[in-house]
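The residues making up each chain are set out below.
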Amino acid sequence: MSNTNNCNQTRITEIILLGFSGSRTLKVLLFFLCIVIYIMTLTVNSMIIGLYLGSRNLRSPMYFFLSHLSAADIMLSTGVGPHLLSVLLRDGKTMSVSACATQFLFSGFITAAECSLLTVMSYDRYLAICNPLHYVTIMTSKHSLCLVTWSWSLMFLSSLIMITAMSYPGFCGCNTLDIIYCDYAPLLEISCADKVILEIQETALSISIILIPLLFVITSYIRILLTILRISTSTGRQKAFSTCISHLTVVCTYYGVLIAKYIVPSKGQSSNNNKILSLVYTMVTPLLNPIIYSIRNQEIQKALSKIIL
């Protein structure tokens, strides 16, 4: 698609996403790769949810939170994946402004929800290891449900505030965006709203949604590590650490990609590099999360073997 469409128009009614540049062969290969990743993501995350619902041994707060993380992974990849496949096949795609804003609302909401869920999971591990005698009385089913409900509802409200402030005045300027899906920075560039106000709002929400939860996770794991080091036996230390290693790996992977995508300056990087980061974040990390949890988790492996055998 041409990238010269109506860049001087005052109001935008539709947006053109250019997608990946490159040969047709490369795009076809990328298309089939994305299909395989998407199907695997749906399969593995659905398996985690199904195991939680079908196995009594997994009816604990940790697996309750994990099932919600898997649901978020399914929603993130589904919110972007099918649309991305369409962009690859058509060498770009035209979307209405409302559809683009909705896609950003959805992806932003799921991003915030995953940050919140990972924070809740670190709180669960902190209680289990640092305060084991009171864990059962604190992390009740009602308390777990409350934490998850607040995670979903507050993150949706935050994302709704952000997209409303950006899209309410409308969009103007060039309607051709060199991206693979509707994201914050490209939409900010074409928003008719006051950029200073939007940037202040973005900073405030980023601190509350990403930075503060990340600091909480880091603090929790510092205290967890100090508690584990005080355990007298090596077997006890290994057992305690094994309950946290999967979550810690997921946190490092998720926040690593998130920081590379949103925080590391994109100047000097090619547009395709930025698109690859977006692809990894929306398609690959939702697949990695359940795999990381399943590889080292004996309870998940036992529950799966019972179903298979």
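Residues numbered from 1 in each chain as written. Predicted model: local features only at pLDDT ≥ 70, side-chain atom pairs only at ≥ 80, totals over all residues. Heavy atoms only, no water.

With an unreviewed UniProt entry as reference, the chain is termed Olfactory receptor, source organism Hymenochirus boettgeri. The UniProt entry for the chain carries the following text under Subcellular location (unreviewed entry): "Cell membrane". Taken from UniProt, the Sequence similarities (unreviewed entry) comment for the chain reads in full: "Belongs to the G-protein coupled receptor 1 family." (UniProt positions renumbered as here; feature names shortened; annotations may be inferred.)

Enquirer: Sorry, what's going on with the overall build of the chain here?
Expert: Check the secondary structure of the chain and you find 10 helices and 3 strands. Walking the chain from its N terminus toward its C terminus, one meets helices and strands in the order β-α-α-β-α-α-α-β-α-α-α-α-α. What you see for the chain is a C-alpha radius of gyration of 21 Å, in line with the 19 Å of a compact globule of 309 residues. Dimensions of the chain, computed from the C-alpha atoms along their principal axes, are close to 70 × 45 × 35 Å. In the chain, which comprises 309 residues, the share counted as buried stands at 46%. For the chain, contacts bridging at least 24 residues in sequence account for 79% of all contacts bridging at least 6. (Helix = DSSP H or I, 4+ residues; strand = E, 2+ residues; numbered from the N terminus. Rg over C-alpha atoms; globule rule 2.2 N^0.38 Å. Buried < 20%, exposed > 50% of the residue type's maximum accessible area, 1.4 Å probe, protein only. Contact = heavy atoms within 4.5 Å.)

Enquirer: Explain the pattern of salt bridges to me, please; I cannot follow it from the model alone.
Expert: Side chains bearing opposite charge may pair, as long as their charged atoms lie close to each other. Overall, the coordinates contain 2 salt bridges when judged by the stated rule. The salt bridge involving Arg125 is made with Asp124; its shortest N-O contact spans 2.8 Å. Like Arg125, the residue Asp124 is buried in the burial classification. The shortest N-O distance in the salt bridge between Lys275 and Asp178 comes to 2.5 Å. Of this pair, Lys275 sits in helix 9 (residues 271-296) while Asp178 sits in the loop between strand 3 (176-177) and helix 6 (184-190), placing them 97 residues apart in sequence. (Salt bridge = Lys/Arg side-chain N within 4 Å of Asp/Glu carboxyl O.)

Enquirer: Help me understand the state of the cysteines, please; the structure alone is not making it clear to me.
Expert: Here a disulfide denotes a covalent bond joining the sulfur atom of one cysteine to the sulfur atom of another. This model, assessed by the stated rule, comprises 2 disulfides. Shown here is the disulfide that connects Cys100 with Cys182, its sulfur atoms set 1.8 Å apart. Judged by the torsion about the S-S bond (-115°), the Cys100/Cys182 disulfide is left-handed. A residue pair is termed long-range when its members are at least 10 positions apart, and Cys100 in helix 3 (residues 97-130) and Cys182 in the loop between strand 3 and helix 6 qualify at 82 residues. With respect to class, Cys100 is no different from Cys182; both count as buried. Of all cysteine sulfurs, the one in Cys252 lies closest to Cys115, which takes part in no disulfide; the gap is 14 Å. On the accessibility criterion, Cys115 (0% relative accessible area) is buried. Not part of a disulfide, Cys252 finds its nearest cysteine sulfur in Cys244, a span of 12 Å. (Disulfide = S-S within 2.5 Å.)

Enquirer: Any chance you could explain the UniProt feature "transmembrane region" (unreviewed entry) in the chain here in plain terms?
Expert: Mapped onto this numbering, the UniProt entry annotates "transmembrane region" (unreviewed entry) at residues 28-53, 65-84, 104-123, 144-168, 204-228, 240-264 and 276-295. Between the first and last C-alpha atoms of residues 65-84 the distance is 28 Å; the span itself is 100% helix and 0% strand. Summarising residues 104-123: 100% helix, 0% strand, and an end-to-end C-alpha distance of 29 Å.

Enquirer: In this structure, what is going on with the layout of surface pockets? I would like to understand it.
Expert: Over the atoms rolls a probe the size of a water molecule, and in doing so it shows where empty space is left. For the second largest pocket, the calculated volume is near 720 Å³. As for the second largest pocket, its lining consists of 24 residues, and the residues nearest its centre are Met62, Tyr63, Ser242, Thr243 and Glu299. Elements supplying a minimum of two residues to the lining of the second largest pocket: helix 2 (61-90), helix 3, helix 8 (234-262), helix 9 and helix 10 (298-308). For the lining of the second largest pocket, the element with the highest residue contribution is helix 8, accounting for 7 residues. Within the lining of the second largest pocket, the residues separate by chemical class into 10 nonpolar, 8 polar and 6 charged. (1 Å grid on protein atoms, 1.4 Å probe; cavity = no way out; pocket = protein on both sides within 12 Å on 5 of 7 lines; lining within 4 Å. Points joined across faces, edges and corners; volume = space filled by probe spheres on them. Nonpolar A, V, L, I, M, F, W, Y, C, P; charged D, E, K, R; others polar.)

Enquirer: What is the right way to look at the environment of Ile48 in this model?
Expert: On the secondary structure map, Ile48 appears in helix 1 (residues 24-54). As for Ile48 and Leu154, which are separated by 106 residues in sequence, their C-alpha atoms are 25 Å apart. Each residue touching Ile48, except ones within four places of it in the same chain, is listed here: Leu66, Ser70, Pro290, Ser294 and Ile300.

Enquirer: Where do I start with a nonpolar patch on the surface in this structure?
Expert: Together, Ile207, Leu211, Ile212, Leu215, Ile218, Ile222, Leu225, Leu226 and Leu229 make up an exposed nonpolar region whose accessible area comes to about 820 Å². Along the chain, Leu229 falls in helix 7 (residues 195-229). According to the relative accessible area criterion, Leu229 is exposed, its value standing at 56%. (Patch = residues over 30% accessible without salt bridge, like charges linked within 9 Å, V, L, I, M, F, W, Y side chains within 5 Å. Areas by Shrake-Rupley, 256 points an atom, 1.4 Å probe, with all protein chains shown as cover.)

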